[in-house]
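Coordinates in review
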Amino acid sequence: MLSNILSETELSAFKHMTEKARHVLLTCHVSPDGDALGAMLSCLQFLQRKGKKVTAVTPNIFPDFLKWLPCSEEVMIFEKQPEEVKSALSDVDLVMCLDFNDLKRLDIFSETVKGLQAPKIMLDHHPNPSNEFELAISYPEMCATCELLFRLFIQTDSLDNISEQEATCLYTGMMTDTGCFSYNSNRSEIYMSIAALLSKGIDKDKIYRQIYYNYPVGRFQLMGYLLYVKMKAFSKFRTALMTLTYEEQKRFAFKKGDTEGFVNIPLQIKGNKLSIFLRENPENGTIRVSLRSVDDFPCNKMAEEFFNGGGHLNAAGGVLECDMEKAERVVDEALKKYAPLLSNE
């Protein structure tokens with residue numbers, strides 16, 4: 001039996017704000033992943049069945065392998081249609097921010113959201129939320145924002161009212177944010193939640209195939225190139241580094257989402273503790289940083305200290321405003337600083 005997680009204060013505030021609202025904006029962090037989009041789409045359906053007008057907006061495009069998710073066709077993309085989005089938000093009276101804890105994570109959409117007079121609710125599982133929200137429902141112990149939402153849905157409503165489509169979105173978020181339950185997923189409540197979602201008729205095997213067996217040929221050629229040509233193994237630090245420039249992306253006809261999960265692969269190397277992936281972002285000339293680790297190595301602390309980012313213990317990210325050469329030097333500095341936690345000595 002799953003226990004209630006929201007406090008009476010949180011539950012009362014959430015119900016009051018959502019019941020009072022007529023038009024709700026749902027949004028998630030830039031470059032949405034499975035948890036961000038799954039959270040937004042499940043929440044979209046949850047609010048719609050309560051009679052709310054809902055507008056769902058992502059800051060930029062999301063990967064092709066997530067476009068099969070129920071109701072994804074209802075999502076507006078700010079970078080593609082900024083004026084249409086602004087017009088659609090003219091009468092919004094509640095903003096729900098999903099899977100991020102700071103409005104700057106909205107990137108190009110942040111100023112628009114900050115300018116809205118509507119109150120803001122944050123629903124998230126990342127540590128150290130900002131104080132920009134009228135209601136911050138933050139549970140870092142959750143494996144995904146979708147797990148938090150599932151627990152919230154059954155506490156504010158009931159399991160009976162959750163549809164198969166909502167359950168599909170929620171399971172997708174939990175599965176993808178744990179690497180198919182290979183990290184941050186040791187709590188028994190996670191599997192109790194999965195059992196409940198399965199009772200709604202979802203096909204978890206099909207969901208897995210839709211996410212992980214749905215890539216273009218170029219992705220596999222790019223994967224081989226990165227592993228054989230570009231990967232650097234630093235045995236002293238039990239770390240692997242992969243880099244991808246804009247020119248290399250063009251060579252392999254790169255699309256958003258094509259490198260999803262690549263950063264996890266070097267963790268399969270015997271003894272490796274940390275994997276770092278640097279990708280040049282042609283949209284704004286920055287370097288996108290992804291970090292993954294095993295055991296107790298704190299990716300989030302390294303991301304905060306060296307890469308202008310943050311995240312979870314074993315999965316974090318950040319951004320560097322420099323070229324790839326400088327980015328690799330920053331990685332070198334980070335490895336030397338964290339050597340006592342990484343080395344075999």
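Keep in mind that this is a model prediction, so the values were computed, not measured. (Residues numbered from 1 in each chain as written. Predicted model: local features only at pLDDT ≥ 70, side-chain atom pairs only at ≥ 80, totals over all residues. Heavy atoms only, no water.)

**A word on the overall build of the chain**
Looking only at helices and strands, one finds 13 helices and twelve strands in the chain. Over its C-alpha atoms, taken along the principal directions, the chain stretches across nearly 55 × 45 × 40 Å. Within the chain, residue pairs in contact and separated by at least 24 positions form 66% of the contacts whose partners lie at least 6 positions apart. Entry remark: accessible area of the chain is about 15,500 Å², with carbon and sulfur atoms responsible for 48%. Of the side-chain charges in the chain, 39 are positive and 47 negative, and the distance between the mean point of each set is 3 Å. (Helix = DSSP H or I, 4+ residues; strand = E, 2+ residues; numbered from the N terminus. Contact = heavy atoms within 4.5 Å. Areas by Shrake-Rupley, 256 points an atom, 1.4 Å probe, with all protein chains shown as cover. Lys, Arg positive; Asp, Glu negative; His and termini not counted. Charge placed at Lys NZ, Arg CZ, Asp CG, Glu CD.)

**Concerning the nonpolar core**
If you look at the biggest cluster of nonpolar residues, it comprises 61 residues, and the most contacted ones within it are Phe 14, Leu 26, Met 96, Leu 123, Ile 137 and Met 174. A per-element tally of this core places helix H2 (residues 34–48) first, with nine residues. Setting aside chain neighbours within four positions, we find Leu 26 in contact with Met 40, Cys 43, Leu 44, Leu 47, Val 54, Thr 55, Ala 56, Val 57, Met 96 and Leu 98. Within the second largest apolar cluster, 26 residues are counted, among which are Phe 237, Phe 297, Cys 299 and Met 324. (Core = buried A, V, L, I, M, F, W, Y, C linked by side-chain atoms within 4.5 Å. Buried < 20%, exposed > 50% of the residue type's maximum accessible area, 1.4 Å probe, protein only.)

**Some details on the packing of H2 against helix H6 (residues 164–177)**
It is the contact of H2 with H6, at a shortest axis distance of 8 Å, that shows an interaxial angle of 160°. Between H2 and H6, the interaxial angle falls into the category roughly antiparallel. You can see that H2 and H6 cross each other, and the crossing is left-handed. Residues Gly 34, Asp 35, Gly 38, Leu 41, Ser 42, Gln 45 and Phe 46 of H2 form the contact with H6, whose own contacting residues are Gln 165, Glu 166, Cys 169, Leu 170, Thr 172, Gly 173, Thr 176 and Asp 177. (Axes fitted to C-alpha atoms, helices over the stretch in contact; angles between N-to-C directions. Parallel < 35°, antiparallel > 145°, perpendicular 65-115°, else oblique. Left-handed = near helix turned anticlockwise from the far one by under 90°.)

**Section: the side chain of Thr 58**
Within the secondary structure, Thr 58 sits in strand E2 (residues 53–58). Beyond its immediate sequence surroundings of up to four residues, Thr 58 is in contact with Cys 28, Pro 32, Leu 37, Met 40, Val 75, Met 76, Ile 77 and Phe 78.

**Structural notes on the packing of H2 against helix H5 (residues 145–156)**
Between H2 and H5, the shortest axis-to-axis distance is 9 Å and the interhelical angle comes to 20°. With respect to H5, the axis of H2 lies roughly parallel. The element H2 and its partner H5 pack so that their crossing is left-handed. Residue-level inspection shows Asp 35, Gly 38, Ala 39, Ser 42, Cys 43 and Phe 46 of H2 in contact with H5, the latter providing Thr 145, Cys 146, Leu 149, Phe 153 and Thr 156. When its residues are assigned to classes, the contact of H2 with H5 shows six nonpolar, four polar and one charged. (Nonpolar A, V, L, I, M, F, W, Y, C, P; charged D, E, K, R; others polar.)

**Let's talk about helix H7 (residues 188–198)**
Since the α-helix packs 3.6 residues into each turn, any two residues three or four apart lie on the same face. Those residues of H7 that sit buried are Ile 190, Ser 193, Ile 194, Ala 196 and Leu 197. Along the long axis of H7, the arc covered by the buried residues comes to 160°, so they all point the same way. Lining the buried residues of H7 we find H5 and H6. (Arc of directions from axis to C-beta.)

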